[in-house]
Amino acid sequence: MANINGTSGTDFPWRRFLYPFAIAGAVVVGAWGLVAALAWLLDIAAHTTIVLAHAAGPIGVGGITLKLFSKK
């Protein structure tokens, strides 16, 4: 017996599954983008810390001097 739109009842409703998979895919892509942005920010912060520590030179407190970076 045909439905109103002329299809039989054995057709699989793809549209019912399309929207949840599209939303899940968008969430996954957004999460990977967030992870990549966080990794980039941590990389920039690490480089900035190294440059500032190198420019500051040795750190001394109470007669004890700690040289963070030595030239070899």
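Summarised in this report is the structure supplied together with it.

## As for the overall build of the chain
When helices and strands are counted, the chain shows 1 helix and 2 strands. In the chain, the succession of α and β elements from N to C terminus is α-β-β. Sorting the 72 residues of the chain into buried and exposed places 1% on the buried side.

## Looking at a nonpolar patch on the surface
A cluster of nonpolar side chains, contributed by Phe12, Trp14, Phe17 and Phe21, occupies part of the molecular surface with about 520 Å² of accessible area. Take Trp14: it is sitting in helix H1 (residues 14-56).

Calculation notes
Residues numbered from 1 in each chain as written. Predicted model: local features only at pLDDT ≥ 70, side-chain atom pairs only at ≥ 80, totals over all residues. Heavy atoms only, no water. Helix = DSSP H or I, 4+ residues; strand = E, 2+ residues; numbered from the N terminus. Buried < 20%, exposed > 50% of the residue type's maximum accessible area, 1.4 Å probe, protein only. Patch = residues over 30% accessible without salt bridge, like charges linked within 9 Å, V, L, I, M, F, W, Y side chains within 5 Å. Areas by Shrake-Rupley, 256 points an atom, 1.4 Å probe, with all protein chains shown as cover. Salt bridge = Lys/Arg side-chain N within 4 Å of Asp/Glu carboxyl O.

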